[in-house]
Amino acid sequence: MGATSAQQLNAVALSASYNSTFGQDSSYYLGAGYTNATGFTNNNGKMVGAFDLNAGIKVSGLNLTAEYLITEQGVSGVNTTSGANPNNNGGYNAFAINYFPLLDQLVAVASTGGSALMGFSITADYTLDIQGKDLIPYASYSQVIHNYYNQVYALELGVRYNIVDSVWLGAAYNNSQANLDGANKPTANIFSLDLTAYF
């Protein structure tokens with residue numbers, strides 16, 4: 001936490017969650033949070049915060065998760081901490097719901113509007129045991145909404161396989177579509193392969 005010359009605190013975050021189990025191999029969680037550092041600014045150039053609600057349920061190998069996030073006020077631009085800022089190669093701080101190759105175009109349009117920005121994501125995955133290793137196919141749908149005329153949608157289908165210990169091999173297909181100003185409707189199709197090792 002720190003203070004800027006704009007007389008406001010940076011990177012304040014609060015969160016709470018509740019976890020519980022039921023049955024032999026089932027559990028669920030509920031969570032909520034707030035941050036004042038989304039990377040977006042309002043009409044006065046001040047940082048805009050966001051509220052987050054999330055929940056998930058696991059029944060045997062099936063996992064379902066959902067998340068909803070909304071800014072506390074209208075968005076009119078980005079600040080220097082934002083991944084949408086041309087001088088910053090970071091990510092979209094609070095809106096890293098999913099990989100949105102078209103989100104920068106939405107931010108450009110949103111910078112002229114001043115409406116609140118919201119997003120949600122729903123993900124389902126299933127864990128299969130293959131030769132003693134986990135194979136996890138998944139599907140995820142995400143959407144970021146600025147107003148009725150400015151939205152970005154993403155559908156991702158993928159699979160991850162636990163090759164050995166903490167090493168995972170994955171593949172995914174992401175289809176993103178945008179509706180910008182009710183007229184501009186760009187699309188992006190991305191296929192990705194990844195290798196992840198946890199230490």
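These figures come from a predicted structure and were not determined experimentally.

### What to know about the overall build of the chain
Thought 1: The secondary structure content of the chain amounts to one helix and 14 strands.
Thought 2: For the chain, the share of sequence-separated contacts (at least 6 apart) that also reach a separation of at least 24 residues comes to 50%.
Thought 3: A total of about 11100 Å² of accessible surface is found on the chain, and carbon and sulfur atoms cover 57% of it.

### Things to note about the packing of aromatic side chains
Thought 1: Per the counting criterion, the structure on display carries four aromatic pairs.
Thought 2: A centroid spacing of 6.2 Å and a plane angle of 50 degrees characterise the contact between Tyr-18 and Tyr-28, whose relative ring orientation is tilted. Of this pair, Tyr-18 sits in strand S3 (residues 13-22) while Tyr-28 sits in strand S4 (residues 26-35), and the two are ten residues apart along the sequence.
Thought 3: Residues Tyr-34 and Phe-51 carry aromatic rings whose centres are separated by 4.9 Å and whose planes lie at 45 degrees to one another, so their mutual orientation is tilted. Here Tyr-34 is found in strand S4, whereas its partner Phe-51 is found in strand S6 (residues 50-59), with 17 residues between them in sequence.
Thought 4: The class of Phe-51 is partly exposed, set by a relative accessible area of 44%.
Thought 5: Through a chain of ring-to-ring contacts, the aromatic side chains of Tyr-18, Phe-22 and Tyr-28 assemble into a single cluster.

### Observations concerning the confidence of the model for the chain
Thought 1: In this model, the chain carries an average pLDDT of 80, and 76% of its residues clear a pLDDT of 70 or more.
Thought 2: Below pLDDT 50 for its whole length, residues 1-7 participates in ten contacts with residues either more than four positions away or in separate chains.
Thought 3: Low confidence marks residues 84-99, where pLDDT is under 50. Its contacts with residues over four positions away, or in another chain, come to 44 contacts.

### Here we look at the environment of Asn-162
Thought 1: Within the secondary structure, Asn-162 is located in strand S12 (residues 150-164).
Thought 2: You can call Asn-162 buried: its relative accessible area is 10%.
Thought 3: Separated by 27 residues in the primary sequence, Asn-162 and Leu-135 place their C-alpha atoms 6.5 Å from one another.
Thought 4: In this view, Asn-162 contacts Lys-133, Asp-134, Val-167 and Trp-168; residues no more than four positions away in its chain are not counted.
Thought 5: There is a polar contact of 3.1 Å between the side chain of Asn-162 and the backbone oxygen of Val-167.

### Notes on the pairing of S6
Thought 1: Note that S4 and S6 share ten bridges and pair antiparallel. In the strand pairing of S6, Leu-30 is matched with Ala-55.
Thought 2: Pairing between S6 and strand S7 (residues 62-71): ten bridges, direction antiparallel. Bridge pairing in S7 places Gly-56 opposite Thr-65.
Thought 3: Linking two consecutive strands that pair antiparallel, namely S6 and S7, is a turn of two residues; a positive phi of about 55 degrees is found at Ser-60 within it.

### Focus: the pairing of S3
On any regular strand, side chains alternate: one points to one face of the sheet, the next to the other face.
Thought 1: Taken across its ten residues, S3 has one buried, putting it largely on the surface.
Thought 2: Bridging between S3 and S4 involves ten bridges; their strand directions are antiparallel. Paired with Ser-17 across the bridge in S4 is Gly-31.

### Considering a nonpolar patch on the surface
Thought 1: Together, Phe-22, Ile-57, Val-59, Leu-62, Leu-64, Tyr-126, Leu-128 and Ile-130 make up an exposed nonpolar region whose accessible area comes to about 600 Å².
Thought 2: Those elements giving two or more residues to the nonpolar patch turn out to be S6, S7 and strand S10 (128-130).
Thought 3: Its place among the elements puts Leu-62 in strand S7.
Thought 4: Judged by relative accessible area, which is 35%, Leu-62 ranks as partly exposed.

The rules behind these values
- Residues numbered from 1 in each chain as written.
- Predicted model: local features only at pLDDT ≥ 70, side-chain atom pairs only at ≥ 80, totals over all residues.
- Heavy atoms only, no water.
- Helix = DSSP H or I, 4+ residues; strand = E, 2+ residues; numbered from the N terminus.
- Contact = heavy atoms within 4.5 Å.
- Areas by Shrake-Rupley, 256 points an atom, 1.4 Å probe, with all protein chains shown as cover.
- Phe/Tyr/Trp six-rings, centres within 6.5 Å; stacked < 30°, edge-to-face > 60°.
- Buried < 20%, exposed > 50% of the residue type's maximum accessible area, 1.4 Å probe, protein only.
- pLDDT = per-residue confidence, 0-100.
- Polar contact = N/O pair within 3.5 Å; in protein donor to acceptor, adjacent residues only side chain to side chain.
- Pairing = 2+ DSSP bridges.
- Patch = residues over 30% accessible without salt bridge, like charges linked within 9 Å, V, L, I, M, F, W, Y side chains within 5 Å.
- Salt bridge = Lys/Arg side-chain N within 4 Å of Asp/Glu carboxyl O.

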